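Structural characterization, general
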Amino acid sequence: MTSTNTKSIWIRDLLPSLDTKKYRDPLTMSTSLHLPTFHHPRLGSGPIPVNASGVCNVKTSSGQHLGIRAMSAEGVQKERYEKRKPISRDAKNYSIPFMTMDPIEPQSLPPGWQVHIHPEGCIYYSYESEENFDGCSKKIRVTTQADLVHERVAETIENIAKFLYGHACQYPSFPVNAVDLVLELIDVGEIIGYYFVHHENRCLFWLHDFDAIEILQECCGATELSHKQIELEAQYWKHLDLFPHTSALHSQILRQLQRIIRFAISDCMTSEVSAVCAFSIDVLKNTLDLIKDVDVDNDYIQSAHDKCFIARMMNHFRHCQYLNYHGQQGARLSRDQTVHGDSYEKRSVMMKCLAPLLFNAPYEHIRSLQRLYVDSIVNQLDWRTFVQKLNAEMQAFNLLATVLLSVNVGFLAIQSVDNGRGHSLSQVASYVSVISSFGSMLLGVNIARESYTKGPDMVGNVQAHLQSLVHPKHGLETLAIVYSLPYALLMWGYV
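Residues numbered from 1 in each chain as written. Predicted model: local features only at pLDDT ≥ 70, side-chain atom pairs only at ≥ 80, totals over all residues. Heavy atoms only, no water.

1. What to know about helix α4 (residues 225-242)
Which entries qualify depends on this criterion: Working definition: helices are DSSP H or I runs of at least four residues, strands are E runs of at least two. Numbering for both runs from the N terminus. Here a helix's expected span is defined as the number of its residues, less one, multiplied by 1.5 Å. Here's how the labels work: a residue is buried when its accessible area is under 20% of the maximum for its type, exposed when over 50%, partly exposed in between, all with a 1.4 Å probe on protein chains only.
Taking 1.5 Å as the rise per residue, α4 with 18 residues should run 26 Å; its terminal C-alpha atoms sit 25 Å apart, in good agreement. For α4, a buried count of 15 out of 18 residues is recorded, marking the element as mostly surrounded by other parts of the structure.

Structure below.
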């Protein structure tokens with residue numbers, strides 16, 4: 001992973017980590033929307049050097065080569081859910097020592113480290129220490145999902161943390177006491193991903209330019225920094241959801257979330273195409289009731305479970321604002337509204353030729369699909385409604401096709417139909433009707449199965465599927481024609 005064009009940075013031997021008490025000082029939070037501020041370093045202190053791949057190559061005094069790469073909370077979440085440590089089936093030990101009554105202490109950790117158990121069940125670690133940077137004693141706080149049981153992992157994490165904090169402290173306005181650092185081992189320890197968390201401004205930041213395509217690619221026109229800042233706050237709430245024990249959360253956020261939900265409810269009540277969120281009114285009302293039960297002690301939310309709940313809701317609302325270009329010229333005000341001017345009004349020659357043969361059914365489906373799939377975004381509420389309606393139609397068509405097939409088979413079983421001079425016109429028409437009704441049943445079953453496989457709630461899979469089918473000029477005409485075939489074949493069977 002090293003580059004011959006990039007010089008390695010040496011991380012020299014550092015003093016042993018200091019044992020410190022668990023951090024208990026609450027962070028100052030505000031109900032207003034804070035946007036991150038960007039400070040220019042003093043002369044001679046620029047961003048950390050990276051190669052063309054965005055990796056900073058470092059070399060420890062023990063000769064270990066490591067790469068440091070910026071990542072987001074989204075990337076940390078993927079590492080957690082997609083790269084879990086397998087548990088061996090062969091390692092079996094069902095013995096419980098006698099007189100085991102006291103709480104089981106976790107495995108011994110290096111000095112300064114604490115283990116936390118996420119409400120979902122995974123474990124992560126936090127580290128806190130006082131370090132000396134340019135003659136000034138400053139506090140560093142580190143969070144990681146790395147398995148500290150392995151040899152030298154904790155030492156590597158601490159050294160990388162001190163290196164990054166040391167570089168960040170070159171910035172005069174770097175707020176050390178309100179900042180956390182997240183480190184993630186990637187590619188079997190060859191690459192270490194990182195991001196800093198600014199709690200007061202509710203954002204993530206990095207020490208060099210970050211290619212944030214992973215978190216910003218859903219909006220093609222994301223060019224303004226004020227627009228990107230909204231997603232940075234969404235990533236902050238995702239971080240809080242991933243590591244709830246390491247951050248203090250002021251109770252004022254509850255009142256802010258209540259105001260957001262009340263507006264979302266009113267918007268859903270007055271508009272069928274509200275773009276505020278992807279939740280139904282029932283879900284929003286239930287969420288509003290749950291907020292009232294959140295435990296608050298000394299003006300701060302103490303429970304990790306409640307922090308995850310609040311963080312997930314805030315992440316959802318902020319991410320929806322980013323998708324809808326909140327605060328930008330040309331913002332999306334309803335979810336069936338395009339911000340890029342993609343109307344797809346021009347119909348292809350294939351559509352114009354096939355639509356009359358299909359009883360103009362494709363036009364109805366293309367209108368529904370265009371309202372459903374806007375600017376490469378699929379709304380969960382619209383998709384669920386569309387799937388339910390489509391499945392109901394397929395079931396009705398299959399029932400009618402079954403009846404028609406039975407009638408045709410019964411008709412062909414009548415011996416008087418055959419006049420003995422070959423196939424009569426009525427027999428040919430009945431055979432065509434059988435084929436049409438059978439085709440309608442077959443296609444209806446396959447379309448219903450496809451929608452069930454995708455699932456009404458699996459919007460991510462559906463979005464990728466529709467993206468592969470969309471035409472740059474004509475949209476989802478092909479899919480509209482396919483959805484029209486069961487109805488059209490059934491009609492031809494009756495004709």
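Moving on from the coordinates now.
2. Regarding the sheet that holds strand β11 (residues 296-297)
What counts here: Two strands form a pair only when DSSP identifies at least two bridges running between them.
Taking strand neighbours across the sheet as the criterion, the 3 strands line up as β10-β12-β11 in an open arrangement whose pairing is antiparallel. Pairing within the sheet leaves two strands with one partner each, and these edge strands are β10 (249-250) and β11. Pairing of β10 with strand β12 (residues 300-301), which is carried by 2 bridges, proceeds in the antiparallel orientation. Residue pairing for β12: His 250 is matched across the bridge by Tyr 300.

3. Comments concerning the layout of surface pockets
Short version of the rule: Buriedness for pockets is judged along seven lines, at least five of which must meet protein on both sides within 12 Å for an open set on the 1 Å grid over protein atoms alone, while cavities are sets there where a 1.4 Å probe fits but cannot get out, and lining residues have an atom within 4 Å of a point. Grid points are joined across faces, edges and corners, and a volume is the space filled by probe spheres set on the points. Residues are sorted three ways: Asp, Glu, Lys and Arg are charged, Ala, Val, Leu, Ile, Met, Phe, Trp, Tyr, Cys and Pro are nonpolar, and all the rest, Gly among them, are polar.
The space that makes up the second largest pocket amounts to roughly 950 Å³. Lining the second largest pocket we find 25 residues, and of these Lys 85, Ile 123, Gln 145, Ala 146 and Asp 147 sit closest to its centre. Going through the elements one at a time, α1 (73-82), β5 (123-133) and β7 (179-186) are the ones with two or more residues in the lining of the second largest pocket. If you tally residues by element for the lining of the second largest pocket, the top one is β7, at 3 residues. Its residues assigned to classes, the lining of the second largest pocket shows 12 nonpolar, 5 polar and 8 charged.

4. Points about empty space enclosed by the protein
Over the atoms rolls a probe the size of a water molecule, and in doing so it shows where empty space is left. Applying the stated criterion across every chain, the model contains 1 cavity of 30 Å³ or more. Looking at the largest cavity, its volume works out to about 50 Å³. Taken together, Tyr 344, Ile 366, Leu 369, Gln 370, Tyr 373, Val 470, Gly 475 and Leu 476 make up the full set of residues lining the largest cavity. Here the element with the most residues in the lining of the largest cavity is helix α9 (residues 361-372); it accounts for 3 residues.

5. Section: the confidence of the model for the chain
Where the model shows low pLDDT, its predicted coordinates should not be examined in detail. Quick reminder of the rule: pLDDT gives the predictor's per-residue confidence on a scale running from 0 to 100. Residue contacts follow a heavy-atom distance rule, with two residues in contact if any of their heavy atoms lie within 4.5 Å.
Taken residue by residue, the chain gives an average pLDDT of 83. The fraction at 70 or more is 86%. Every residue in residues 1-44 scores below 50 in pLDDT, and together they form 101 contacts with partners more than four places removed in sequence or on other chains.

6. Looking at unusual backbone geometry
Residues other than glycine seldom take positive phi values, yet Asp 299 does so here, at roughly 70°. Structurally, Asp 299 is set in the loop between β11 and β12. A relative accessible area of 48% means that Asp 299 is categorised as partly exposed.

7. Looking at the packing of aromatic side chains
The line we're drawing: By convention, a stacked pair of Phe, Tyr or Trp rings (six-membered ring in the case of Trp) has centres within 6.5 Å and planes under 30 degrees apart, an edge-to-face pair has planes over 60 apart, and any other such pair is tilted. Over a ring means this: the NZ of a Lys or the CZ of an Arg is within 6 Å of the ring centre and within 35 degrees of the ring normal.
The full count for this structure, using the stated rule, is 16 aromatic pairs. Aromatic side chains Tyr 194 and Phe 196 sit 6.1 Å apart centroid to centroid with 80° between the ring planes, which places their arrangement in the edge-to-face category. Summarising the burial analysis for this pair, Tyr 194 and Phe 196 share the class buried. Judged by centre distance (6.0 Å) and plane angle (45°), the rings of Phe 386 and Tyr 483 are tilted. Of this pair, Phe 386 sits in helix α10 (residues 380-412) while Tyr 483 sits in helix α13 (residues 477-494), and the two are 97 residues apart along the sequence. As far as the burial class goes, Phe 386 and Tyr 483 line up, both buried. Within the aromatic cluster, the residues linked to one another by ring pairs are Tyr 165, Phe 174, Tyr 194, Phe 196 and Phe 205. The ring of Phe 243 carries Arg 80 above its face, with NZ or CZ at 5.3 Å from the centroid.

8. Considerations on the pattern of salt bridges
Let me state the cut-off plainly: Salt bridges are defined by distance alone: a side-chain nitrogen of Lys or Arg within 4 Å of a carboxyl oxygen of Asp or Glu.
Enumeration according to the criterion identifies 17 salt bridges in this entry. Among the ionic pairs, Glu 214 bridges to Lys 78, the shortest N-O distance being 3.7 Å. Taken together, the residues span a long stretch of sequence, with Glu 214 in helix α3 (residues 213-216) and Lys 78 in helix α1 at a distance of 136 residues. Judged by relative accessible area, which is 37%, Lys 78 ranks as partly exposed.

9. Remarks on the pairing of β7
In terms of burial, β7 is largely enclosed, as 7 of its 8 residues are buried. Here 3 bridges tie strand β6 (residues 136-144) to β7, and the two strands are oriented parallel to one another. Across the sheet, residue Thr 143 finds its bridge partner in β7, namely Val 182. As paired elements, β7 and strand β8 (residues 191-198) share 8 bridges and run antiparallel to each other. Its bridge partner being in β8, Leu 181 is matched across the sheet by Phe 196.

10. Some remarks on the environment of Pro 49
Turning to its location among the elements, Pro 49 is positioned in the loop between β1 (9-11) and β2 (55-60). Residues Pro 49 and Leu 207, 158 residues apart in the sequence, show an inter-C-alpha distance of 9.4 Å.

11. Some thoughts on the environment of Met 394
Within the secondary structure, Met 394 is located in helix α10. Of the residues examined, Met 394 reaches a relative accessible area of 1% and is grouped as buried. In sequence terms Met 394 and Tyr 483 are 89 residues apart; their C-alpha atoms lie 9.3 Å from each other. Beyond its immediate chain neighbours, meaning those up to four positions away, Met 394 contacts Gly 444, Ile 447, Ala 448, Tyr 483 and Pro 486.

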